[in-house]
Amino acid sequence: MLDFFTIFSKGGIVLWCFQGTGVTESFTGPVNALIRSVILQERSGNNSYSHDALSLKYKLDNEFELVFVVGFQKILTLTYVDKFIDDVQLHFRDRYKNELEQKGALALLNSHFAFEDDFKMLLREAEESSKARGPTSMRSFNASLKSQKTVKSMIETKGGDKGKEQGGKKNKNAKKEAPAAEPVKGEKAKASTSAQKTEENGNQGLTQEEIIQKKREEFIRKRMGAPVEKPSKSPKPVKEKPKGKEKRVWTLGGSSTKELDYSQSNGNGAHAAGDQGLDAQADPGMQLSSMKGDLLAVDYESSEGEEEEEEEEEEDAVERVVVADTSKKIPKKGAFGGMFGMLKGLVGSKSLSQEDMEPVLDKMRDHLIAKNVAAEIASQLCDSVAKKLEGKVMGTFTTVASTVKGALQDSLVQILQPKRRVDILRDVLEARSQRRPFVITFCGVNGVGKSTNLAKISFWLIENGFTVLIAACDTFRAGAVEQLRTHQRRLNSLHPPQDHGGRPIVQLYEKGYGKDAAGIAMEAIAYARNQAFDVVLVDTAGRMQDNTPLMTALAKLIAVNMPDLVLFVGEALVGNEAVDQLVKFNQALADHSMSDKPRLIDGIVLTKFDTIDDKVGAAISMTYITGQPIVFVGTGQTYNDLRSLNARAVVGALMKA
């Protein structure tokens, strides 16, 4: 029934293995795929993994750093596998505890683990127990609860309904009768309002005759046209008008309106001060710093003082908890017992269990969701950390909270660090040596900044001496081609053609609107090959992940042209939507591909990173789903605002309270 069962250390040493009868294929391929895709990528929250026709289940033993893996055919439903792998783990630990406690790989290599007889005994017991249970038969009608009900119990009686109706009518009548007994309250209210009116008119303390005399004088003054003396009232506080929004001064927007005055221009449309056009001369505000070489890493300004204060607060909280726990035990055990209890709470004296980590993991899960990590991803991360730490012996003078936090931080750094290095400059040089252009395709939903970040990447590439051809394959959105043409002119003004042998270093390839995007991309790549361009940047139309026709067109563009790099452009503001976007984009590319190994998303461009402060969870969500690295990070609106991802800085901002 089982294809294989293997036990190996986290260092990669196989301690024991079993292979089923009739199985000729080696189990190294599926196990290596499990290690690469699950264990190294911190995705061990779910203990099952599928590889081709095999279904793999695994269990981690964190105390002895072991991994137990069982593999069987996917079409089989073996209900006993979970309990069986637990029994094998406990039996193996108990039998070879002394050998496993010896540290070092050499000790494990020299040890001999004869476990075949015990394994077959446990497997036989598991199979017999599953057969003994068997499928449960359906209950007969006489054994069901419905057969015990009488016909009378299923008939609704009308008497109870009438009683309810009568009771309801009584309540309604009672409610109607209640307001009739309240005329006194109305009179009191009228009396109080009249008293207030007399007080407001300044008649308090006057007799009836004096009030009449006063009213006569007021009437005479009105007839004679004299102004009426108004009673003195307390002056109302003067409300301050709310300040309006201050005008924002943009650094590249200019400081004077005279620059926008074109009334003194001559008939040819040029300024009287000079004959050069706006596109030919570079704007003084566009003098940008050099971006030669690798991009700078995005960083956060987190002072060491704040981190030390947070650590001190955590230590104080731990001390308060320990003192609260030991104060109850002082009368029984004395001073020495209280001190020993406090040290026992800190010193690593036991292995971690799920119950110990549950409250800490709940707080960590809420913290990650508050930092914009998708809720599903946050739960999977916390489950993975729990599996990673369960059974592990705590270090000396460490708390559960600090242990869990450290493990979660290491897991997040591991997720953000790429499985493979994406070095675009090296890849472009390699493509140039083969006399072909390096093709990058940008895709994503609407409004995330694909065209803007394409222009930033173009500036970075031309700063490093490469020629760029921009393919305008967004034939759907109005103004998309004009936007790219504006970027082309500005980039050529920063790098004039006369500095490059009279050839524009950036060119735009466009065929207007309403055309087939895949055909335009193919023509642009052929044109770049003939004209010896180094890089082709393909701009595609924004599309929602649920728009099937546009997703089919994108899959066709990628399948036909086979770009070297497919970048998904997503904004850092997105939360749970990141999961849906990336899963459906990858699914569409896989479904509409014509090859057995379809081209999926190769990397991520994270935009609007300067608008989120420390809510950087979208980076974790996107990387966790695709398993692909974040290649570029957009941090502003100028050509210089392009960075690479610093995994430790992002995780530091994510874990900051």
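Throughout this description, residue numbers start from 1 for each chain and increase along the sequence as written. Totals for whole chains, interfaces and linings use every residue, but because this is a predicted model, local features are given only for residues with pLDDT of at least 70 and side-chain atom pairs only at 80 or more, for both listing and counting. Think of the side-chain values as coming from all heavy atoms in the structure, minus any hydrogens and water.

In plain terms, the rule: UniProt positions are given in the numbering used here, feature names are shortened, and annotations may be inferred rather than shown by experiment.
Per an unreviewed UniProt entry, the recorded name for the protein is SRP54-type proteins GTP-binding domain-containing protein, and the organism is Oncorhynchus tshawytscha. Regarding the protein, the relevant UniProt record gives this comment under Sequence similarities (unreviewed entry): "Belongs to the GTP-binding SRP family." Looking at the protein in UniProt, the text filed under Subcellular location (unreviewed entry) is "Endoplasmic reticulum membrane".

## Observations regarding the overall build of the protein
Put simply, the rule reads: In DSSP terms, a helix is any run of H or I states spanning at least four residues, a strand is any run of E spanning at least two, and both are numbered starting from the N terminus. Exposure classes here rest on a 1.4 Å probe applied to the protein chains alone. A residue is buried below 20% of its type maximum, exposed above 50%, and partly exposed in between. When checking whether two residues touch, look at their non-hydrogen atoms; a contact exists if any pair is within 4.5 Å.
Along the backbone of the protein there are 21 helices and 13 strands. A burial count over the protein gives 37% of its 657 residues as buried. Expressed as a percentage of contacts within the protein between residues at least 6 apart in sequence, the contacts between residues at least 24 apart total 74%.

## Re the sheet that holds strand E13 (residues 642–643)
Rules: Strand pairing is assigned whenever DSSP identifies at least 2 bridges connecting the two strands.
Strands sit in the order E8-E7-E9-E6-E10-E11-E12-E13 across an open sheet of 8 strands; the sheet is mixed. Looking at strand neighbours, the two that pair on one side only are strand E8 (506–509) and E13, the edges of this open sheet. Alignment of strand E12 (residues 630–634) against E13, held across 2 bridges, turns out to be antiparallel. In the strand pairing of E13, glycine 634 is matched with leucine 642.

## Description of helix H17 (residues 517–530)
Heads up, the rule is: By this rule the span expected of a helix is its residue count minus one, scaled by 1.5 Å. Throughout, the arc means that of the directions going from the helix axis to the C-beta atoms.
Helix length check: H17 (14 residues) gives 20 Å between terminal C-alpha atoms against 20 Å at 1.5 Å per residue, within 8%. Ala518, Ile520, Ala521, Ala524, Ile525 and Ala528 are the residues of H17 that are buried. The buried residues of H17 occupy one face: seen down the axis, they fall within an arc of 160 degrees. On its buried face, H17 is in contact with strand E6 (438–443), strand E7 (468–472), E8, strand E9 (535–539) and helix H18 (548–561).

## Observations concerning the sheet that holds strand E1 (residues 2–9)
Cut-off, in case you're wondering: For helices, the axis comes from a line fit to the C-alpha atoms of the stretch in contact; other axes are also lines fit to C-alpha atoms, and the angle between any two N-to-C directions lies between 0 and 180 degrees.
Spatially, E2-E1-E5-E4-E3 is the arrangement adopted by the 5 strands of the open sheet, whose pairing is antiparallel. In this open sheet, the two strands that pair with only one neighbour each are strand E2 (14–19) and strand E3 (48–51). Each strand of the sheet is rotated relative to its neighbour by a mean of 15 degrees, with strand direction disregarded. Docked against the sheet, helix H1 (residues 28–39) engages E1, E3, strand E4 (54–61) and strand E5 (66–73), running at close to 125 degrees with respect to E3.

## With respect to the UniProt feature "domain: SRP54-type proteins GTP-binding" (unreviewed entry) in the protein
Mapped onto the present numbering, the UniProt feature "domain: SRP54-type proteins GTP-binding" (unreviewed entry) falls on residues 629–642. As annotated, residues 629–642 comprises 0% helix and 43% strand, and the C-alpha atoms at either end are separated by 16 Å.

## Thoughts on the packing of aromatic side chains
For clarity, the threshold we go by: Two aromatic rings, drawn from Phe, Tyr or Trp (for Trp, its six-membered ring), form a pair once their centres lie within 6.5 Å of each other, and the interplanar angle then sorts them: stacked below 30 degrees, edge-to-face above 60, tilted otherwise.
Using the criterion set out here, one finds 19 aromatic pairs in the structure. Here phenylalanine 5 and phenylalanine 84 contribute two aromatic rings whose centre-to-centre distance is 5.8 Å and whose plane-to-plane angle is 75 degrees, an arrangement assigned as edge-to-face. Residue phenylalanine 5 is found in strand E1, and its partner phenylalanine 84 is found in helix H2 (residues 81–95); the two are separated by 79 residues along the sequence. Here phenylalanine 5 matches phenylalanine 84 in class, with each residue buried.

## Structural notes on the confidence of the model for the protein
We count it as follows: Confidence of the predictor at the level of single residues is given by pLDDT, which spans 0 to 100.
The predicted model of the protein averages 77 in pLDDT, with 73% of residues at 70 or higher. Between residues 161–200, whose pLDDT stays under 50, and residues either more than four places distant or in other chains, the model counts 4 contacts. Here residues 339–347 is a poorly scored stretch, pLDDT under 50, and it has 15 contacts once near neighbours within four places are set aside; other chains count.

## Side note on the pattern of salt bridges
Opposite charge on two side chains allows them to pair when their charged atoms are near. Keep this limit in mind: The salt bridge criterion pairs a side-chain nitrogen of Lys or Arg with a carboxyl oxygen of Asp or Glu, the two atoms within 4 Å.
Evaluation of the coordinates by the stated rule reveals 21 salt bridges. Across the pair aspartate 87 and lysine 83 runs a salt bridge, and its minimum N-O distance is 3.1 Å. Here aspartate 87 pairs with lysine 83, and both are found in helix H2, just 4 residues apart, close to one helical turn. Judged by its relative accessible area of 27%, aspartate 87 is partly exposed. By relative accessible area, which is 56% here, lysine 83 ends up exposed. Of the charged contacts in the structure, one is a salt bridge between arginine 95 and aspartate 118, with a shortest N-O distance of 2.0 Å. Of the two residues, arginine 95 is situated in helix H2 and aspartate 118 in helix H5 (residues 116–133); the sequence distance between them amounts to 23 residues. With relative accessibility at 41%, the residue arginine 95 sits in the partly exposed group. For aspartate 118, a relative accessible area of 15% gives the class buried.

## Thoughts on the environment of lysine 511
Position of lysine 511 among the secondary structure elements: in the loop between E8 and H17. For lysine 511, the residues in contact, after removing those within four places along its chain, are Ile520 and Glu523.

## Topic: the nonpolar core
We apply this condition: The criterion is simple. A nonpolar core is a set of buried Ala, Val, Leu, Ile, Met, Phe, Trp, Tyr and Cys residues joined through side-chain atoms within 4.5 Å.
Ile424, Trp460, Leu461 and Phe632 are the most contacted members of the largest nonpolar core, which totals 113 residues. The contact partners of phenylalanine 632, leaving out residues within four places of it in the chain, are Leu295, Ile424, Ile457, Trp460, Leu567, Ile604, Val605, Leu606, Leu642 and Arg643. Counting 28 residues, the second largest nonpolar core, distinct from the first, contains Leu15, Leu66, Phe72 and Leu122.

## What to know about the packing of helix H19 (residues 577–591) against helix H20 (residues 617–626)
Threshold: Each angle is binned into one of four classes, with values under 35 degrees roughly parallel, values over 145 roughly antiparallel, values of 65 to 115 roughly perpendicular, and all other values oblique. By definition, turning the near helix anticlockwise from the far helix through less than a right angle yields a left-handed crossing, and turning it clockwise yields a right-handed one. Classes in brief: Ala, Val, Leu, Ile, Met, Phe, Trp, Tyr, Cys and Pro nonpolar; Asp, Glu, Lys and Arg charged; the others, Gly included, polar.
As a packed pair, H19 and H20 sit with axes 9 Å apart at the nearest point and diverge in direction by 30 degrees. Compared by their axis directions, H19 and H20 come out roughly parallel. Considering the relative orientation of H19 and H20, their crossing is right-handed. Contact residues: Ala578, Val579, Leu582, Val583 and Asn586 in H19; Ser621, Met622, Ile625 and Thr626 in H20. Its residues assigned to classes, the contact of H19 with H20 comprises 6 nonpolar, 3 polar and no charged.

## Structural notes on the pairing of E12
Using the following cut-off: Call a crossover right-handed when, viewed with both strands pointing away from you, the route from the first strand across the helix to the second goes clockwise.
By the criterion of burial, E12 is predominantly enclosed, with 5 of the 5 residues buried. The pairing of strand E11 (residues 603–607) with E12 spans 3 bridges and is parallel. Bridged to isoleucine 604 within E12 is isoleucine 630. This β-α-β element, E11 to H20 to E12, shows right-handed connectivity.

## As for the side chain of asparagine 453
Tracing the sequence through the fold places asparagine 453 in helix H15 (residues 450–463). On the basis of relative accessibility, which here comes to 3%, the residue asparagine 453 falls in the buried class. Apart from residues no more than four positions distant in its own chain, asparagine 453 is found in contact with Val605, Thr607, Gly634 and Leu642.

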